[in-house]
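The primary structure of each chain is shown beneath.
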Amino acid sequence: MTATETRAAPPRRSRARRRGPSRKTREMWLLMLPAMVPVLLFSMGPLLYGIGLAFTDARNTRVHQTEFVGLENFTALLADDEFWSSFRIGAIWSVSVTVLQFVAALGLALLLNEKLRGRAVARVLSVVPWAMPPVVIGLMWKLVYHPDAGILNDLLGTHVNWLADFSLALPAIIVVGVWAGMPQTTVVLLAGLQNVPKELYEAGEMDGAGSWRRFWSITLPQLRPVIVAITSLDFVWNINQFGLVYVLTQGGPGGRTRLPMLFAYEEAFRYRMAGYASMLGLAMAIVVLAVLGLYLWRQMREAR
Amino acid sequence: MRIKSALAAAAVLTLAAACGGGGGESSSSPGAPVKLDFLSLAWQKESVAANKQIVDEWNKANPGIQVTYVQGSWDNVNDQLVTQFAGGTAPDVIHNDSPALAGFASDGYLLDLGAKLPAELKSDIPQTAWDTVTFDGGKGEQGVYGVPFLQESQVIIANKKLLDDSGVRVPAAGDPWTWDEFSAAAKKMTKGGTFGVAWPMKSPVNKTLNLALNFGGTFFQTAGGKTTVKVGPEEREVLQRIHDQLYKDKSADPAALGQGTADPLPAFYKGKFALLPTGVYLRQQVAEQAPDGFEWVTLPAPKGTSAQQGAVSQTLSIAQESEHPDEAMKFISFFLNGANQAKLAKGDWLLPTSQTAAADPAMTTKENGWDVATASAKDLVVAPFLKVNGFDEWKSKVATPALQEYFADKITLDQAATKLVEDGNKVLERYQR
């Protein structure tokens, strides 16, 4: 943005600038320019292009004349049952994965924070899933859930086709989502736990507080900033999840695991409705920003 | 001054970056061989080997036109092509199937081969096969957007012992069961924990739509340039008959219902059911994996008012933006000559469109049911859904869930029909603006 604006109107600007910003400011901009160009070109550019597309009837075809259609995509989106069911699935998925991830990771972090034997090894092991790309995780869990050769059916002695069952598919992928996201949550919470001053616990113990009370009144309040940060990051990460679910179910059976991003992908790359898909992406970004803004604002206010 | 020069530098940088991204590859210098990319979707071991062997032969014989074999996958080829076409990096020669061509053709991404086809290739492949690749090119004119080379027909793979024990008439290539006979036979074979038939219906749409033609069921009608979905008595016949086998006669194995095409095979080898209606290519897995001593035969698919089945073809097409379309056409006509088609068909256990290839002794042998399979080719007619713009979306959004629920007995035929028509027409409307 800055680059184009200043380039477009140099004479007027330079005259105005003469009594405007100091030489120091100018030099600062000059020095920042090399760093700004890639950001504008490769980050802001595509983003703005995507937002622009959302207001056109663009299609991924060679013969179609793209036209500006204003809010038509948006009204179509609001009336689209498929979108709302996908949105509902996305909400169930992201909230339950984030919450379960947090609870499980907090338990694991508390455990790893204790002085246990083999703690160092356990800490390393707990981070292992982090080192796996989502596609590999997806393939691995696909084998676990395999109806004939899967470990899960072997263990339970059942013959359930987990990922193809209309009511079991979503819970099944939520389990994978929790598993895949636990490491980073655990590591961050563990780091937070290690920053809690020992004196507080000592003081608590002197006053006769039990371990539950110490957890509730010392650990949690002390961890609060960390918890707020990691749950909001997890939420954004989860609602935008794509690779894992694409590998596991491709949104099936019958659309029961079609997360919003999978829906957008299908619209753009299978049905070639690029404009509509962009609007979908934009709408999801706005929803995420709104939810996150509300959450962070409330947390900040309470913290104050 | 300093500002000005900085701005100039920035402008130059931006321009340079823009050009760097937008410029295509430079055209090859004269004398250097023409390079073609060939995206192949072959996946069975024998078939990949046959593909690579033919490409090698070509490269040795034609130093001036070098073809690079690029491996693709049926799972995501259409997503990949949409991206590559939009980005201008599509391969020159593209392997796909005819249902996908309709969309790409009307989007203007594929070259109309009509004028380029050599006479020899054109006459070796029957008109019914050419019909599966003739589409509207987006501006109202019809064009040929691929060369059809492999076709799939439906047959019934049967457990020979259970079939003989039941004492029913064994249908031959020219004399298939009627649907009534088929259901009666399945009923007769159902006893003591053994089922007559298994319908793996994880992806029910193409299978049922192709078989629906037995009773003239087309599922789509076009009037005044507008295509709509129709589910009348003709369309309901096959749906109802399969449903009856599952829930009225109870002659179909319910365990197979949610499975993919090849999934019921282990149960088939164990004799849990006698008949498996499926595509001809599945014979390959049966021939290779069946335990020793397991005897099986290939039976023709049942007939209704006719034995017609909907046909789709595997195809080779040329990208509209290919820089060397004529060389690509030469490669395709070599790749798909009679002898090579016979190799490819054998590798994929499918039916060749080439009449020379179909006459090959390997295609008419009794072994592994090739005679029945090849004979079924004459019943193939263009599947009506091929020409429907938006069929893919109708299939995945509307028809797959509706048919899955119907075959799982969760909704009635009337409810399924309403979904197919009402939700379906909404989908099709998007493509007809």
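Residues numbered from 1 in each chain as written. Chains lettered and ligands numbered in written order. Predicted model: local features only at pLDDT ≥ 70, side-chain atom pairs only at ≥ 80, totals over all residues. Heavy atoms only, no water.

- Going by what an unreviewed UniProt entry lists, chain B is known as Carbohydrate ABC transporter substrate-binding protein (CUT1 family) and is assigned to Nonomuraea fuscirosea.

- Per an unreviewed UniProt entry, chain A goes by Multiple sugar transport system permease protein and derives from Nonomuraea fuscirosea.
- Its UniProt record gives chain A a comment under Sequence similarities (unreviewed entry), which states: "Belongs to the binding-protein-dependent transport system permease family."
- Regarding chain A, the relevant UniProt record gives this comment under Subcellular location (unreviewed entry): "Cell membrane". (UniProt positions renumbered as here; feature names shortened; annotations may be inferred.)

### Structural notes on a nonpolar patch on the surface
Residues and elements named next belong to chain A.
Here is step 1: Nonpolar side chains collect at one region of the surface, where Val39, Met44, Leu47, Leu48 and Ile51 lie side by side and expose about 400 Å² of accessible area between them.
Here is step 2: Mapped onto the elements of the fold, Met44 is located in helix H3 (residues 23-53).
Here is step 3: In this structure Met44 comes out as partly exposed when scored by relative accessible area, which is 34%. (Patch = residues over 30% accessible without salt bridge, like charges linked within 9 Å, V, L, I, M, F, W, Y side chains within 5 Å. Areas by Shrake-Rupley, 256 points an atom, 1.4 Å probe, with all protein chains shown as cover. Salt bridge = Lys/Arg side-chain N within 4 Å of Asp/Glu carboxyl O. Helix = DSSP H or I, 4+ residues; strand = E, 2+ residues; numbered from the N terminus. Buried < 20%, exposed > 50% of the residue type's maximum accessible area, 1.4 Å probe, protein only.)

### Considering the domain arrangement of chain B
Residues and elements named next belong to chain B.
Here is step 1: By the assigned domains, chain B splits into domain 1 (34-151 + 312-358) and domain 2 (154-310 + 385-432).
Here is step 2: Counting from both sides, the interface comprises 16 residues of domain 1 and, opposite them, 11 residues of domain 2.
Here is step 3: Together domain 1 and domain 2 conceal approximately 1,200 Å² of surface at their shared face, both sides included; 60% is due to carbon and sulfur atoms.
Here is step 4: Summed over the three residues of domain 1 that lose the most area to domain 2, namely Gln44, Val312 and Trp349, the buried surface amounts to 44% of that side.
Here is step 5: Our enumeration of links across domain 1 and domain 2 arrives at 0 salt bridges.
Here is step 6: Where domain 1 touches domain 2, the interface holds 6 residue pairs in polar contact (both at pLDDT 80 or more).
Here is step 7: Counting residues per element, the ones that place at least two in the side of domain 1 that touches domain 2 are helix H4 (98-106) and strand S4 (134-136). (Domains from an automatic or database assignment. Contact = heavy atoms within 4.5 Å. Buried area = accessible area lost by both parts, 1.4 Å probe. Polar contact = N/O pair within 3.5 Å; in protein donor to acceptor, adjacent residues only side chain to side chain.)

### Some details on the domain arrangement of chain A
Here is step 1: Here the domain parsing of chain A yields domain 1 (2-53) and domain 2 (82-303).
Here is step 2: For domain 1 of chain A versus domain 2 of chain A, the distance between C-alpha centres works out to 39 Å.

### Section: the nonpolar core
Here is step 1: If you look at the biggest cluster of nonpolar residues, it comprises 126 residues, and the most contacted ones within it are Val147(B), Trp177(B), Phe220(B), Leu275(B) and Trp394(B).
Here is step 2: Considering every element that reaches this core, the biggest residue donor is helix H18 (residues 391-407) of chain B, with 8 residues.
Here is step 3: Membership of the second largest hydrophobic core comes to 35 residues, among which are Leu163(A), Leu170(A), Val176(A) and Met182(A). (Core = buried A, V, L, I, M, F, W, Y, C linked by side-chain atoms within 4.5 Å.)

### A short note on the sheet that holds strand S2 (residues 65-71) of chain B
All names here are of chain B.
Here is step 1: Strand order across the open sheet formed by 6 strands is S2-S1-S3-S14-S6-S15, with mixed pairing between neighbours. One side of each edge strand has no neighbouring strand; the edge strands of this open sheet are S2 and strand S15 (351-352).
Here is step 2: Pairing of strand S6 (residues 147-151) with S15 involves 2 bridges; the strand directions are antiparallel. Across the sheet, residue Leu150 finds its bridge partner in S15, namely Pro352.
Here is step 3: Relative to the sheet, helix H3 (residues 77-87) contacts strand S1 (34-40) and strand S3 (93-97), its axis offset from that of S3 by approximately 140°.
Here is step 4: Against the sheet, H4 makes contact with S3 and strand S14 (313-318), and its axis sits at roughly 120° relative to S3, the strand it touches most. (Pairing = 2+ DSSP bridges. Axes fitted to C-alpha atoms, helices over the stretch in contact; angles between N-to-C directions.)

### Some details on the sheet that holds strand S12 (residues 296-300) of chain B
All names here are of chain B.
Here is step 1: With respect to topology, 4 strands assemble into an open sheet ordered S8-S11-S7-S12, the strand pairing being mixed. Pairing within the sheet leaves two strands with one partner each, and these edge strands are strand S8 (195-197) and S12. Sheet twist, expressed as the average angle between the axes of neighbouring strands with direction ignored, equals 25°.
Here is step 2: Sheet analysis places strand S7 (residues 154-159) next to S12, joined by 5 bridges and oriented antiparallel. Its bridge partner lying in S12, Ile156 is registered against Leu299.
Here is step 3: Sheet strands touched by helix H8 (residues 179-189): S7, S8 and strand S11 (273-279). Its angle to S8, the strand with the most contacts, is close to 155°.

### A few points about the environment of Gly310(B)
Here is step 1: With respect to the element layout, Gly310(B) can be found in strand S13 (residues 309-311).
Here is step 2: In this structure, Gly310(B) is in contact with Asn210(B), Leu213(B), Leu380(B), Val381(B) and Ala383(B), ignoring residues within four places of it in sequence.

### Structural notes on the interface of chain A and chain B
Here is step 1: In this assembly, 32 residues from chain A lie in contact with 34 residues from chain B.
Here is step 2: Summed over both partners, the interface of chain A with chain B comes to about 3,000 Å²; 56% of that surface belongs to carbon and sulfur atoms.
Here is step 3: Of all residues in chain A, the largest losses of buried area upon contact with chain B belong to Arg62(A), Tyr271(A) and Arg272(A), amounting jointly to 21% of the total for that side.
Here is step 4: The tally of links from chain A across to chain B stands at 3 salt bridges.
Here is step 5: In this structure, the salt-bridge partner of Glu267(A) is Arg430(B), at a minimum N-O distance of 2.7 Å.

### Quick word on the packing of aromatic side chains
Here is step 1: In total, this model carries 34 aromatic pairs over all chains according to the counting rule given.
Here is step 2: Residues Trp141(A) and Trp179(A) carry aromatic rings whose centres are separated by 5.7 Å and whose planes lie at 65° to one another, so their mutual orientation is edge-to-face. Of this pair, Trp141(A) sits in helix H7 (residues 134-145) while Trp179(A) sits in helix H9 (residues 169-194); the two residues are 38 residues apart in sequence, bridging distant segments of the chain.
Here is step 3: A relative accessible area of 14% places Trp141(A) in the buried class.
Here is step 4: Seen in terms of ring centroids, Tyr269(B) and Phe294(B) are 5.6 Å apart; in terms of plane orientation they differ by 80°. Their pairing is edge-to-face. Within this pair, whereas Tyr269(B) is found in helix H11 (residues 265-269), its partner Phe294(B) is found in the loop between helix H12 (283-289) and S12, the two being separated by 25 residues in sequence.
Here is step 5: Linked through ring pairs, Phe38(B), Trp58(B), Tyr69(B), Phe331(B), Phe334(B) and Phe335(B) together constitute an aromatic cluster.
Here is step 6: Lying over the aromatic face of Trp370(B), Arg283(B) brings its terminal NZ or CZ to 4.2 Å of the ring centre.
Here is step 7: The ring centre of Phe166(A) lies 5.5 Å from the NZ or CZ of Lys410(B), which sits over that ring. (Phe/Tyr/Trp six-rings, centres within 6.5 Å; stacked < 30°, edge-to-face > 60°. Lys NZ or Arg CZ within 6 Å of the ring centre and 35° of its normal.)

### Concerning the packing of helix H10 (residues 233-247) of chain B against H18(B)
Residue and element names in this part refer to chain B.
Here is step 1: Contact pair H10 / H18: the axes reach a minimum separation of 10 Å and the direction vectors enclose 40°. Between H10 and H18, the crossing angle belongs to the class labelled oblique. Residues Leu239, Gln240, Ile242, His243, Leu246 and Tyr247 of H10 pack against Leu403, Tyr406 and Phe407 of H18.
Here is step 2: In terms of residue class, the contact of H10 with H18 is made up of 7 nonpolar, 2 polar and no charged. (Parallel < 35°, antiparallel > 145°, perpendicular 65-115°, else oblique. Nonpolar A, V, L, I, M, F, W, Y, C, P; charged D, E, K, R; others polar.)

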